[in-house]
Amino acid sequence: MTTHSNTPAGWYPDPHGAPQTLRYWDGSQWTDHTNADQQAPAAPQVPHQAQPQQGYGRQPAAAPDPRVQRQVQQQAGVAPNAAGGGSLFTEPVLVVNQKAKLIELTNEYKVMDQNGNQLGAVTEVGQSALKKILRFVSSLDQFMTHRLEIRDAHGQPQLLLTRPAKFLKSRVIVSRPDGSPVGEIVQQNMFGKINFAMNVNGQQVGAIKAENWRAWNFAIVDHADNEVARITKTWEGLAKTMFTTADNYVLQIHFQLPEPLLSLVVATALTVDTALKQDSRGLG
């Protein structure tokens, strides 16, 4: 759950240590607004133990992870972005790395920001013993129902993804933890460059368009066909590609999006993997 400070909104000494500088605290997080401290001795002090968190769900920033930065900047070609709010829904870049397994029986993903700070995770839920056995000995599990939870850095569910049992085309239902619907992501074709429609209440609000027939990179567009985000698959390395089932993706959101489009876009990085990759790998 999100931790909120009791410190009231106002101007306080800059938490980053800038000399003679006040930074505005809006009651829940530090903002980008600063001001010269004209009366340093009289400036209100925030006790160290009451310093508020710098963004929703974010732990104190650690040193950037060079492996994640290389994945984002060199492999995905995404230029460094200004840091967002520190949550799954406020960062401009999400790095989605699947947990490497020699035999994949349950989908698990780690979600980070562009510097490697963990923002959340995605895990498959409701896996029966029979489904795991079928997944081990064949690829028949691709025709069964799959459920995944997107959780924040504190382990609290944020979105639920359900891919009902399919025959030819995939459909993913996105909902809130309380069961209220967000929308659906529906596969439109089976041959050529794969496309998905993002639908809300029966109306299309966007689309996911594969840029090549191997469906590794996707452009995400709104209802007017304007690109609002992009998914790029990044190479896991030769060993992982040959001997494990791990897939890694970078989701770049070009600007802050309204709901429910934002939630659907965040869900697409996992939806694309669940809908397509499972169909192409397996022992059966």
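Bear in mind that the values here come from a model prediction, so they are computed numbers and not experimental data.

Caption draft 1: How the structure looks around the sheet that holds strand 2 (residues 21-25). One open sheet holds the three strands; their spatial order is 1-2-3, and the pairing between them is antiparallel. Since the sheet does not close on itself, it has two edges, and those belong to strand 1 (10-13) and strand 3 (30-36), each with one partner. Along the sheet, successive strands turn relative to each other by an average axial angle of 40 degrees, direction set aside. Note: strand 1 against strand 2, four bridges, orientation antiparallel. Its bridge partner lying in strand 2, Pro13 is registered against Leu22.

Caption draft 2: Focus on the pairing of strand 10 (residues 181-187). With five of its seven residues buried, strand 10 lies for the most part within the structure. By the bridge criterion, five bridges tie strand 9 (residues 171-175) to strand 10 in an arrangement that is antiparallel. In the sheet register, Val174 faces strand 10, and the bridge partner there is Gly183. The turn joining strand 9 and strand 10, which pair antiparallel and follow one another in sequence, is formed by five residues; a positive phi near 95 degrees is taken by Gly179. Two strands pair when backbone bridges link them, and strand 10 and strand 11 (residues 195-200) are joined in this way by four bridges, in the antiparallel orientation. Bridging from a neighbouring strand, Val186 pairs with Ala197 of strand 11.

Caption draft 3: Broad picture of the environment of Asp152. For Asp152, the position within the fold is in strand 7 (residues 146-152). Each C-alpha atom, one on Asp152 and one on Ser87, is 7.4 Å from the other, the two residues being 65 residues apart in sequence. Polar contacts involving the side chain of Asp152 include one to the main-chain amide nitrogen of Gln156, which spans 2.9 Å. Polar contacts involving the side chain of Asp152 include one to the side chain of Gln158, which spans 3.2 Å.

The rules behind each value
- Residues numbered from 1 in each chain as written.
- Predicted model: local features only at pLDDT ≥ 70, side-chain atom pairs only at ≥ 80, totals over all residues.
- Heavy atoms only, no water.
- Pairing = 2+ DSSP bridges.
- Helix = DSSP H or I, 4+ residues; strand = E, 2+ residues; numbered from the N terminus.
- Axes fitted to C-alpha atoms, helices over the stretch in contact; angles between N-to-C directions.
- Buried < 20%, exposed > 50% of the residue type's maximum accessible area, 1.4 Å probe, protein only.
- Polar contact = N/O pair within 3.5 Å; in protein donor to acceptor, adjacent residues only side chain to side chain.

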